[in-house]
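# Structural overview
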Amino acid sequence: MSQQRYSQFVRRLGGRGAGAWGIHGRALAARSRGEDVIVMSVGDPEFDTPATVAEAAHAALRAGDTHYTDMRGRQALRELIAARHRARTGQDVDAGNVVVVPGAQAGLFCASMCLGNPGDEIITTDPVYTTYEATIRASGATLVTVPLDSTRRFRIDLERLDAAVNDRTRAIFLANPNNPTGTVLHEDEMNFVVDLAARHGAWIVADEVYAEQVFDAPFVHFASLERSRERLVTVSSLSKSHAMTGWRLGWMVVPAEMAAHLENLMLAMLYGMPGFIQAAAIAALRECDGEVDAMREAYRRRRDLAMSQLADCRGIGCVRPDAGMFMLLDVSATGLAGGEFAARLFEEQGVSVLDAAAFGVAGEGYVRIAFAGADERLAEGCRRIRAFVDSLRPGAGQAAQLR
Ligand SMILES: Cc1ncc(COP(=O)(O)O)c(C=O)c1O
């Protein structure tokens, strides 16, 4: 055992999410060796970032935009984000309510650090995106998870949420749309959450990174519900909507007082976002609505493609997503646990998917497939998943495991 002494904080950063990516790492390594693998384990859009965005970054670099910038993000960018947020939600915010952060992930982390204390409780759903556990625990607050209802396509269970909230509850973190389930909250569910949070003086942290990729469900922003606004943090980014995962550009929309705390946190942690990235973000928000719409349509088509290829496959059940770039498959009828299914699928068919138990206990018995890649690869991945499931049937080789 190491004699070095590390902080309690470092220990809180471990956990379920940190170890979830083993198969994904193996798949990337196999792909780089030239092996025929299909990577369906990650939500990184295969689209190129729109050319106008890359050009704006190049132009800014050529113009020498390579120095320190403002702690909260540049005024022009914050004004654009505020205007976009106002137009979408009706919430009366301006640049003073916006802080630019390196991706929604950093936004979630900053929200946790600004809101949570040891002894507090912070609530999120189970399942939810793998980083939430460490992100919430980082603050020292206790993580409390509320299982989503797997019998109703993983809708939120309001009774269980009600039972989990108490006067120690400091915040409720909700990914809406959710990753990995692809579920979008209904307005009546959101009103319930808002009332519950208000009664207990808790914040709502709304992670809306997939808000531009909603296919058929009506989508409501928490910020559109007036009663939510006093203690609301909205987190979003360009990662998914603009195929800009590697640019690390996200934002938080918060009450002005919290923006001042975030400025101090940015000062201590980051000292401002790169100027050329912010120039690119301005171009993305001003000029790329057409590309965003086209990518949403591509994800919708891929969702439908995956559904049509897998919905009638005996042995797995598809959880049809309303949004995003992921779908959960119930693999419990194969008799394999999610992790075992994922490992064997990779070994036998060269397809990488994630064991959904990485997203929480409620994900056990499921795997998550991503439809971020091109249609042909997705179709081939689905074909191989079917072939693998078929091979588990009685009479198909030795592995007669299908119930
Ligand atoms: C629900 C959810 N929130 C946040 C993030 C992080 O996004 P970003 O790239 O903006 O940090 C992801 C990334 O997959 C996600 O799925």
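Residues numbered from 1 in each chain as written. Predicted model: local features only at pLDDT ≥ 70, side-chain atom pairs only at ≥ 80, totals over all residues.

### What to know about the overall build of the chain
Helix and strand counts for the chain stand at 13 helices and 13 strands. Compactness check: the chain gives a C-alpha radius of gyration of 21 Å against a globular reference of 22 Å for 403 residues, within 12% of the reference. C-alpha atoms of the chain, sized along the principal axes, occupy 65 × 55 × 55 Å. A total of 403 residues make up the chain; the buried ones form 49% of that total. In the chain, the proportion of contacts linking residues at least 24 apart, taken out of those at least 6 apart, comes to 74%. (Helix = DSSP H or I, 4+ residues; strand = E, 2+ residues; numbered from the N terminus. Rg over C-alpha atoms; globule rule 2.2 N^0.38 Å. Buried ≥ 20, exposed ≤ 12 C-beta atoms within 10 Å, placed from the backbone. Contact = placed C-beta atoms within 7 Å.)

### Let's talk about the site of the ligand
Gly103, Ala104, Gln105, Ser237 and Ser239 are the nearest of the 13 residues found near the ligand. A breakdown of the residues in the shell around the ligand according to their chemical character gives four nonpolar, eight polar and one charged. (Near = placed C-beta within 6 Å. Nonpolar A, V, L, I, M, F, W, Y, C, P; charged D, E, K, R; others polar.)

### What to know about the domain arrangement of the chain
Each domain of the chain was delimited in the assignment, giving domain 1 (13–42 + 290–391) and domain 2 (51–287). The distance between the C-alpha centroids of domain 1 and domain 2 comes to 26 Å. Residue-level contacts link 30 residues of domain 1 with 32 residues of domain 2. Going through the elements one at a time, helix 11 (289–310) and strand 10 (326–330) are the ones with two or more residues in the side of domain 1 that touches domain 2. Broken down by element, the side of domain 1 that touches domain 2 gets its largest block of residues, six residues, from helix 11. Class assignment for the residues of the side of domain 1 that touches domain 2 results in 18 nonpolar, five polar and seven charged. (Domains from an automatic or database assignment.)

### Observations concerning the packing of helix 2 (residues 22–32) against helix 12 (residues 338–349)
Following both chains from N to C, one finds helix 2 and helix 12 inclined at 10°, their axes separated by 11 Å at the closest point. When the interaxial angle is binned, helix 2 and helix 12 end up roughly parallel. Residues Ile23, Arg26 and Ala27 of helix 2 form the contact with helix 12, whose own contacting residues are Ala342, Ala343 and Phe346. When grouped by side-chain class, the residues that make up the contact of helix 2 with helix 12 number five nonpolar, no polar and one charged. (Axes fitted to C-alpha atoms, helices over the stretch in contact; angles between N-to-C directions. Parallel < 35°, antiparallel > 145°, perpendicular 65-115°, else oblique.)

### Re unusual backbone geometry
Cis geometry marks the peptide bond from Asp126 to Pro127; its omega dihedral reads 5°. Examined against the element boundaries, Pro127 turns out to sit in the loop between strand 3 (121–126) and helix 6 (132–137). A cis amide bond, omega 20°, links Asn179 with the succeeding residue Pro180. Turning to its location among the elements, Pro180 is positioned in the loop between strand 5 (169–175) and helix 8 (187–199). Despite not being glycine, Tyr271 shows a phi value in the positive range, around 60°. Relative to the helices and strands, Tyr271 is located in the loop between helix 9 (256–269) and helix 10 (275–287). Residue classification places Tyr271 among the exposed residues on the basis of 10 C-beta atoms within 10 Å.

### Side note on the sheet that holds strand 5
A sheet is described by the order of its strands in space; here seven strands give the open sequence 2-8-7-6-5-3-4, paired in mixed fashion. Taken across any chain shown, the strands that pair with only one partner, and hence form the sheet edges, are strand 2 (98–101) and strand 4 (142–147). The average undirected angle you get between the axes of adjacent strands in this sheet is 20°. Sheet topology places strand 7 (residues 232–237) next to strand 8 (residues 250–253); four bridges connect them, and they run antiparallel. Its bridge partner being in strand 8, Val235 is matched across the sheet by Met252. Sitting on the sheet, helix 4 (residues 75–89) touches strand 2, strand 7 and strand 8, and the angle it makes with strand 2 is about 115°. (Pairing = 2+ DSSP bridges.)

### Thoughts on the sheet that holds strand 13 (residues 366–370)
The sheet built from four strands is open, its strands ordered 9-10-13-12 with antiparallel pairing. Every interior strand has two partners, whereas the edge strands, strand 9 (317–319) and strand 12 (354–355), have only one. Helix 11 contacts strand 9, strand 10 and strand 13 of the sheet and is inclined by roughly 15° relative to strand 10.

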